[in-house]
Amino acid sequence: MNRMEKVKPFIVMDILKEAKTLDGVVHLEIGEPDLDPPPSAIKALEEAIKYRRYFYTPSLGIHELREKIAEHYYKKYGVDISPERVVITTGTSGAFLVSYSVLLNEGERIAIADPSYPCYKNFAYLLDIQPVLVPVDEKTGYQITQDMLKEQKDIRAVHVSSPSNPTGSLYDEKNLKELTSYCDERGLYLISDEIYHGLVYEKKERTALEFSDRAIVISGFSKWFCMPGFRIGWMVLPQELIRKSEIVIQNLFISAPTLSQYAALGAFDYEHLEKVREVFRKRRDTVYEQLKDTFDILSKPDGAFYYWLDVSKFTDDSYSLSMELLRKAKVAVTPGIDFGNNKTDRFIRIAYTREEEALREGLNRLKAYLMK
């Protein structure tokens, strides 16, 4: 089987494409915030255009933004990192591709949770890397643990996501510390996808950088900062990987989008970002109140903006159900099979990325169709 036969379609994007051809659909499928970026980011973008800042930048990114991100880690987590370790990327997707490229050779193995964001394993397949899908469930809060890793042979890296897509579960401090120690002791690399940091509601998110300088942390501006179309992300790398990553970026992207880098300089408006977090917290609570009597929801998500809903009492084929909901109920959701193989045909994911009125309408349509 060649690599393209292994790469699966990103089903949510196919559903979005069909949903856009239909009238009156409530979109609960796409993980894209509907709120505007911080006004200061728009102002920074306008200034960048005014001063003709639309030429290539250094491949590692403009130094001002690397400094700003390093400053962010000190303010938010109390972690002191050098701006030289911060690498600006074309979204987090670009960061995943670069990190996999510099860490793993053809045929080497990387541990990934199942369920998890589908592009992780697809990037691995594109690079002829072997993804090892580790089944996780509510017993461990959908977290990989070091005991799970002990059962895997010859892995080179571990990729975790906190808060997780699709479950919204947050890696707790104890487990994250144990995982970083486990990887450091065995010479493995831990990749921590922290793109949903900032959208954490009752608990406190911890970055893997608090526990290890060898951790590779990936984040960006698409979620909490509400800048998905700017396609701007970052990595924090150990020193020995910076030059290797620079070479990969030079060849794949030249540099991240210049205008987006300058816009991101204005994105760190923490007062505005707190308002964003509060909007999504309220929507999370709305979904819980609307759906708690229809689904067996054990707890509210810790973070992100998703619910991972068990639909097994209605169907054993969540993909067919998702298509029915789209075409008959005019509500778009994501089938669980997009996220892996571990009982995912029993689940759908909904995203609370719509304003309150539309969100309630979509949830009512979902309940009404299922209650038939």
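Up top is the structure.
Reading the values: rules and limits
- Residues numbered from 1 in each chain as written.
- Predicted model: local features only at pLDDT ≥ 70, side-chain atom pairs only at ≥ 80, totals over all residues.
- Heavy atoms only, no water.
- Helix = DSSP H or I, 4+ residues; strand = E, 2+ residues; numbered from the N terminus.
- Rg over C-alpha atoms; globule rule 2.2 N^0.38 Å.
- Buried < 20%, exposed > 50% of the residue type's maximum accessible area, 1.4 Å probe, protein only.
- Contact = heavy atoms within 4.5 Å.
- Areas by Shrake-Rupley, 256 points an atom, 1.4 Å probe, with all protein chains shown as cover.
- Lys, Arg positive; Asp, Glu negative; His and termini not counted.
- Charge placed at Lys NZ, Arg CZ, Asp CG, Glu CD.
- Pairing = 2+ DSSP bridges.
- Phe/Tyr/Trp six-rings, centres within 6.5 Å; stacked < 30°, edge-to-face > 60°.
- Lys NZ or Arg CZ within 6 Å of the ring centre and 35° of its normal.
- Salt bridge = Lys/Arg side-chain N within 4 Å of Asp/Glu carboxyl O.
- Axes fitted to C-alpha atoms, helices over the stretch in contact; angles between N-to-C directions.
- Parallel < 35°, antiparallel > 145°, perpendicular 65-115°, else oblique.
- Left-handed = near helix turned anticlockwise from the far one by under 90°.
- 1 Å grid on protein atoms, 1.4 Å probe; cavity = no way out; pocket = protein on both sides within 12 Å on 5 of 7 lines; lining within 4 Å.
- Points joined across faces, edges and corners; volume = space filled by probe spheres on them.
- Right-handed = clockwise from strand over helix to strand, strands pointing away.

Participant: Got a minute to help me understand the overall build of the protein in this structure?
Facilitator: A count of helices and strands for the protein gives 13 helices and 12 strands. For a compact globule of 372 residues, the expected C-alpha radius of gyration is about 21 Å, and the protein comes in at 20 Å, within 12% of that figure. Judged by the C-alpha coordinates and their principal axes, the protein covers about 60 × 55 × 40 Å. Across the 372 residues of the protein, 58% fall into the buried class. A sequence separation of at least 24 residues applies to 75% of the contacts in the protein between residues at least 6 apart. With the model as given, the accessible surface of the protein reaches about 16100 Å², and the carbon-plus-sulfur share is 48%. Here the protein carries 51 positive and 56 negative side-chain charges, and the mean point of each set is 1 Å from the other.

Participant: Teacher, can you tell me more about the pairing of strand β8 (residues 233-236) here?
Facilitator: Consecutive side chains of a regular strand alternate in pointing toward one face of the sheet and then the other. The alternating pattern of β8 places Gly-233 and Met-235 on one face and Trp-234 and Val-236 on the opposite face, and all of these are buried. In this sheet, β8 lies alongside strand β2 (residues 86-89) in antiparallel orientation, the contact comprising four bridges. The residue bridging Val-87 from the neighbouring strand is Met-235, located in β8. The pairing of strand β7 (residues 216-220) with β8 spans four bridges and is classified as antiparallel. When the bridges of β8 are listed, Ile-218 appears paired with Met-235.

Participant: In this structure, what is going on with the packing of aromatic side chains? I would like to understand it.
Facilitator: Given two aromatic rings, one states the distance between the centres and the angle between the planes to describe the pair. Within this structure, the stated rule accounts for 21 aromatic pairs. Of the aromatic side chains, those joined through ring pairs into one cluster are Tyr-73, Tyr-77, Phe-221, Trp-224, Phe-225, Trp-234, Phe-268 and Tyr-270. Over the ring of Tyr-77 we find Lys-76, and its NZ or CZ is 5.7 Å from the ring centre. For the cation-ring pair, Arg-186 lies above Tyr-182, with the distance from its terminal atom to the ring centre recorded as 3.8 Å.

Participant: Help me understand the pattern of salt bridges in this model?
Facilitator: Note that side chains of opposite charge can pair when their charged atoms are close. Tallied over the entire structure, the rule returns 27 salt bridges. Arg-283 is paired through a salt bridge with Asp-34; the nearest N and O atoms lie 2.8 Å apart. In this pair, Arg-283 is assigned in helix α11 (residues 270-291) and Asp-34 in the loop between β1 (26-27) and α3 (39-50), connecting sequence segments 249 residues apart. Between Asp-310 and Arg-346 there is a salt bridge, with its nearest N and O atoms 2.9 Å apart. One end of the pair, Asp-310, is in strand β9 (residues 306-310); the other, Arg-346, is in the loop between β11 (334-335) and β12 (347-351), with 36 residues separating them in the sequence.

Participant: Could you clarify how one ought to interpret the packing of helix α5 (residues 91-103) against helix α9 (residues 242-252) in this entry?
Facilitator: For any two helices packed against each other, one specifies the crossing angle of their axes together with the interaxial distance. The geometry of α5 relative to α9 is characterised by a closest axis approach of 9 Å and an angle of 125° between their N-to-C directions. Between α5 and α9, the angle is such that the two are oblique. In terms of crossing hand, the pair formed by α5 and α9 is right-handed. Between α5 and α9, the contacting residues are Leu-97, Val-98, Ser-101 and Val-102 on the first element and Lys-244, Ser-245, Val-248, Ile-249 and Leu-252 on the second.

Participant: Please explain empty space enclosed by the protein as it appears in this structure.
Facilitator: To locate leftover empty space, one rolls a probe as large as a water molecule over the atoms. A complete count under the given rule lists three cavities of 30 Å³ or more for this structure. Considered as a void within the structure, the largest cavity measures approximately 90 Å³ in volume. Contributing to the lining of the largest cavity are His-72, Tyr-73, Lys-76, Tyr-77, Glu-194, Ile-195, His-197, Ser-219, Gly-220, Trp-224, Phe-225 and Trp-234. Of all the elements in the fold, those that place two or more residues in the lining of the largest cavity are α4 (63-77) and β7. Top element by residues in the lining of the largest cavity is α4. It accounts for four residues.

Participant: Just checking my understanding: could you explain the sheet that holds strand β4 (residues 130-135) for this structure?
Facilitator: The strands that make up a sheet are held in pairs by hydrogen bonds between backbone atoms, and each pair lies either parallel or antiparallel. Taking strand neighbours across the sheet as the criterion, the seven strands line up as β2-β8-β7-β6-β5-β3-β4 in an open arrangement whose pairing is mixed. On the outer flanks of this sheet lie β2 and β4, each paired with one strand and no other. Put simply, the sheet's adjacent strands are angled 25° from each other on average, direction ignored. Of the pairings in the sheet, the one linking strand β5 (residues 155-161) to strand β6 (residues 189-193) comprises five bridges and is parallel in character. Of the residues in β6, the one forming a bridge with Val-160 is Ser-192. Strands in contact with α5 are β2, β3 (109-114), β5, β6, β7 and β8; relative to β7, the strand with the most contacts, it is inclined by about 160°.

Participant: Teacher, can you tell me more about the sheet that holds β11 here?
Facilitator: Here three strands make up an open sheet; going across it, the order is β9-β12-β11 and the pairing antiparallel. Of all the strands in the sheet, just β9 and β11 have a single pairing partner and so form its edges. With two bridges joining them, β11 and β12 adopt antiparallel strand pairing. Its bridge partner being in β12, Thr-334 is matched across the sheet by Arg-349.

Participant: In this structure, what is going on with the pairing of β4? I would like to understand it.
Facilitator: As paired elements, β3 and β4 share six bridges and run parallel to each other. Across the sheet, residue Ile-112 finds its bridge partner in β4, namely Leu-133. Between β3 and its parallel partner β4, the chain crosses via helix α6 (residues 119-126), and the hand of that crossover is right-handed.

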